[in-house]
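Residue strings, one per chain:
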Amino acid sequence: PPFEQPTPEGRAFYVWGKDTNDTIANIPDTFTAATDTAVPSEAVHSWDHDLSGPVADWFDPQLIMGLYDGKIRFWEPMFPHVFV
């Protein structure tokens, strides 16, 4: 399982700050962390999954936030290649 990491660095991917409502702190309430998106030397990706459709249907830009060791490591706008 992803939570059973052998190193402190690996375990830090699954340490997220929580607010008083026991939701992930410092990100929009509609965002969800996707534990299968952990990228070494980066973070676990979090975004509003309700706004996401299948990749083939993706058209609107979306904000992605990276979570690592209880902090926001990055935020990045993601957009389909047709915007380039």
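This structure is a prediction, so every number in the text was calculated from the model and none was measured.

Undergrad: Before we move on, can you summarise the overall build of the chain with the specific residues and values?
TA: When helices and strands are tallied, the chain shows one helix and four strands. Counting from the amino terminus, helix and strand elements in the chain follow one another as α-β-β-β-β. Along the first, second and third principal axes, the C-alpha atoms of the chain reach 40 × 30 × 20 Å. Counting only residues that meet the buried cut, the chain has 30% of its 84 residues in that class. Looking at the chain alone, contacts between residues at least 24 apart form 35% of all its contacts between residues at least 6 apart. Computed over 4 positive and 13 negative side-chain charges, the separation of the two mean positions in the chain equals 13 Å.

Undergrad: Report on the pairing of strand β4 (residues 71-78), specifying residues and quantitative values.
TA: Two elements, strand β3 (residues 62-68) and β4, share seven bridges in a ladder whose sense is antiparallel. By the bridge assignment, L67 is partnered in β4 with I72. The hairpin formed by β3 and β4 contains two residues between the paired strands, and D69 there has a positive phi angle of roughly 55°.

Undergrad: Give a description of the pairing of strand β2 (residues 44-47) that names residues and reports values.
TA: Residues V44 and S46 of β2 are buried on one face, and the alternating residues H45 and W47, pointing to the opposite face, are buried as well. Both β2 and β3 contribute to a ladder of three bridges, which runs antiparallel. Bridged to S46 within β3 is M65.

Undergrad: Which residues make up the layout of surface pockets, and what values go with them?
TA: Of the pockets and cavities examined, the largest pocket occupies roughly 220 Å³. Lining the largest pocket, in full, are H45, W47, S52, G53, V55, W58, Q62, I64 and M78. Among the secondary structure elements, those contributing two or more residues to the lining of the largest pocket are β2 and β3. For the lining of the largest pocket, a count of residues per class yields five nonpolar, four polar and no charged.

Undergrad: Could you give an account of the nonpolar core, naming the residues involved and the relevant values?
TA: Formed by 16 residues in total, the largest nonpolar core has its most connected members in F13, I24, I27, A33, V44, L67 and Y68. Elements that contribute at least two residues to this core include exactly β2 and β3. A total of four residues in this core trace back to one element, the largest contributor, which is β3.

Undergrad: I'd like to hear about a nonpolar patch on the surface, residue by residue, with values.
TA: Taken together, the side chains of F59, F79, V82, F83 and V84 present a nonpolar region at the surface, about 560 Å² in accessible area. As for its position among the elements, F59 is in the loop between β2 and β3.

Cut-offs applied
Residues numbered from 1 in each chain as written. Predicted model: local features only at pLDDT ≥ 70, side-chain atom pairs only at ≥ 80, totals over all residues. Heavy atoms only, no water. Helix = DSSP H or I, 4+ residues; strand = E, 2+ residues; numbered from the N terminus. Buried < 20%, exposed > 50% of the residue type's maximum accessible area, 1.4 Å probe, protein only. Contact = heavy atoms within 4.5 Å. Lys, Arg positive; Asp, Glu negative; His and termini not counted. Charge placed at Lys NZ, Arg CZ, Asp CG, Glu CD. Pairing = 2+ DSSP bridges. 1 Å grid on protein atoms, 1.4 Å probe; cavity = no way out; pocket = protein on both sides within 12 Å on 5 of 7 lines; lining within 4 Å. Points joined across faces, edges and corners; volume = space filled by probe spheres on them. Nonpolar A, V, L, I, M, F, W, Y, C, P; charged D, E, K, R; others polar. Core = buried A, V, L, I, M, F, W, Y, C linked by side-chain atoms within 4.5 Å. Patch = residues over 30% accessible without salt bridge, like charges linked within 9 Å, V, L, I, M, F, W, Y side chains within 5 Å. Areas by Shrake-Rupley, 256 points an atom, 1.4 Å probe, with all protein chains shown as cover. Salt bridge = Lys/Arg side-chain N within 4 Å of Asp/Glu carboxyl O.

By themselves, these are just geometric observations and shouldn't be taken as functional.
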